[in-house]
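# Geometric and topological summary
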Amino acid sequence: MNRRVLGLLLELALPAALLVGYGLWAAQAQSFYFPPVDEIVQYFRELWLFERVGSDLVPSLLRMSAGYLASVAVGVTLGLVLGMSRMLRTAAEPVVEFLRALPAPALIPFSLLLFGSGDSSKIFVIVLGAVWPILLNTIDGVRAVDGQQLDMARAYHVPLGARVLRIILPGAAPRIFAGMRTSLAIAIILMVVSEMVASSNGLGYFVLEQQRSFAIPEMWTGIILLGVLGYVLNWLFQRLERWVLAWHFGLKGLASPAAATHTRAAKRSARSAAPSSDGEV
């Protein structure tokens, strides 16, 4: 069996088992708070294919995307600056550690005072929580860049911009992407939390309103959609990471199965073409 197909089956095995187990338990329990699977699926089809996509799903995705992209821009830029300068890093460390320790949801009242109840306040909250993994990983990645490469670049009078683009960013990219992946999950969480306060649409608003109305099956459809959304976004991010950092995964021996097969075939061809031990060609 193809390794990719086997991996997909392994990924689906546990969710399928949990779904079957929940369905059997819910059918016997007949609990108001845990509706049967078929009822949840029915409401999911009615609500999200595609009645509330434009009114709730799209606004949530736009807010999360704006907050996440702003976090990436701010975190990478500041991380490069602080990582390259010991003096600036030392001066900024108390402020960074203080702000990082503040829970982003605790600043929702401040964001409402500052920006009102529009999208800006929600994006602001997402940035406040999602920027830190990117910032800290960028700083660590920049500090881990090989100093000999930088010394040689300075000796050859390579401009600062070229050093950043050709040496520092590629060297720090694996850690930057690790921070970006962590921040993606944080951005989804803060998107939901920010929409539960002073909002009139979005997935967080939808889930909270259905809970307040005791529309339990509808509430579960929103929760399930959030889980599916997180899984899909993480899968897409992994594909992007594999594409951008193909050189890194190749060096670490973590290339894709197709690339690994190609590499093994190339090695076999090289061995067959190499001279034998008795001197024959």
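Report follows, based on the coordinates. Since this is a predicted model, take the numbers as computed values, not measurements.

With that settled, consider the overall build of the protein. Within the protein, the regular secondary structure consists of twelve helices and zero strands. Tracing the protein from N to C terminus, the helices and strands come up as α-α-α-α-α-α-α-α-α-α-α-α. Across the 281 residues of the protein, 33% fall into the buried class. Within the protein, counting contacts between residues at least 6 apart in sequence, those at least 24 apart form 73% of the total.

Moving on, we come to the packing of helix α8 (residues 160-195) against helix α10 (residues 216-244). Where α8 contacts α10, the axes come no closer than 11 Å and their chain directions differ by 160°. Judged by the inter-axis angle, α8 sits roughly antiparallel to α10. Crossing of α8 over α10 shows right-handed handedness. For the pair α8 and α10, the contacting residues are Phe 177, Met 180, Arg 181, Leu 184, Ile 188, Met 191 and Val 192 in the first and Leu 226, Leu 229, Gly 230, Leu 233, Asn 234, Phe 237, Gln 238, Glu 241 and Val 244 in the second. Split into classes, the residues belonging to the contact of α8 with α10 amount to eleven nonpolar, three polar and two charged.

Rules of the game
- Residues numbered from 1 in each chain as written.
- Predicted model: local features only at pLDDT ≥ 70, side-chain atom pairs only at ≥ 80, totals over all residues.
- Heavy atoms only, no water.
- Helix = DSSP H or I, 4+ residues; strand = E, 2+ residues; numbered from the N terminus.
- Buried < 20%, exposed > 50% of the residue type's maximum accessible area, 1.4 Å probe, protein only.
- Contact = heavy atoms within 4.5 Å.
- Axes fitted to C-alpha atoms, helices over the stretch in contact; angles between N-to-C directions.
- Parallel < 35°, antiparallel > 145°, perpendicular 65-115°, else oblique.
- Left-handed = near helix turned anticlockwise from the far one by under 90°.
- Nonpolar A, V, L, I, M, F, W, Y, C, P; charged D, E, K, R; others polar.

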